[in-house]
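# Results of the structural survey
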Amino acid sequence: MHETEITEILNRPLSQELLHRDLLRMAYVAKDGTPRNIPVGFAWNGSAIVVCTAKNAPKLPGLRHNPQVALTIDTEVHPPKILLIRGRAELDVVDGIPEEYLQMNGSYQMTAEQRVEWEAEVHALYDGMVRIVITPTWVKLIDFDTTLPSAVEELIQQRAARQSA
């Protein structure tokens, strides 16, 4: 998929809405070769998805071994709005707490006092984190209005061909 096509899809209003949600699901292959699909908080920086995690997180050995990931960001309503993203995870061990981690946890409902307590606990718990930066190499936006899953699109085309024959 060309970078211009990826950018065009990610800049659509619905994509932008989805990219500002709290959670996504990240699929990857664990070090033992089995698949994993986990919910994670994330931040969108305008060109990449950033996930921050503990330096001892179980996902890290798998991502170091095979950095290919698939991400899903969707809604809980019918019909769902779905943004599918594939990319390569780049791992960056950092001292302290990355700004993205504080940003991605900023939308939870906390009072100002709760926020101060939460940030103090985060700073006391972590001496550093791993930033997982995922630059999209493939994307698809499914809204069930203008775009559909590829299998459904194929069935519609087959039906149209049968009806015109």
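In this text, all values refer to a predicted model and were calculated from it rather than measured experimentally. (Residues numbered from 1 in each chain as written. Predicted model: local features only at pLDDT ≥ 70, side-chain atom pairs only at ≥ 80, totals over all residues. Heavy atoms only, no water.)

## What to know about unusual backbone geometry
For residues besides glycine, phi is generally negative; the peptide bonds are generally trans as well. Residue Pro 79 is bonded to the preceding His 78 through a cis peptide linkage, with omega at -5°. As for its placement among the helices and strands, Pro 79 is situated in the loop between β5 (68–74) and β6 (82–95). With a phi close to 60°, Phe 144 is a non-glycine residue in the positive phi region. Locating Phe 144 in the fold gives a position in the loop between β7 (128–142) and α6 (150–164). (Helix = DSSP H or I, 4+ residues; strand = E, 2+ residues; numbered from the N terminus.)

## As for the sheet that holds β5
Pairing in this open sheet of 7 strands is antiparallel, and the strands run β2-β1-β5-β6-β7-β4-β3 from one edge to the other. The two strands at the open ends of the sheet, each matched to only one other strand, are β2 (35–41) and β3 (43–44). As judged from the 14 bridges shared by β6 and β7, these two strands associate in the antiparallel manner. Residue Asp 92 lies in a different strand from β7, and its bridge partner there is Arg 131. Of the strands in this sheet, β3, β6 and β7 are in contact with helix α1 (residues 3–10), which crosses β7 at around 95°. (Pairing = 2+ DSSP bridges. Contact = heavy atoms within 4.5 Å. Axes fitted to C-alpha atoms, helices over the stretch in contact; angles between N-to-C directions.)

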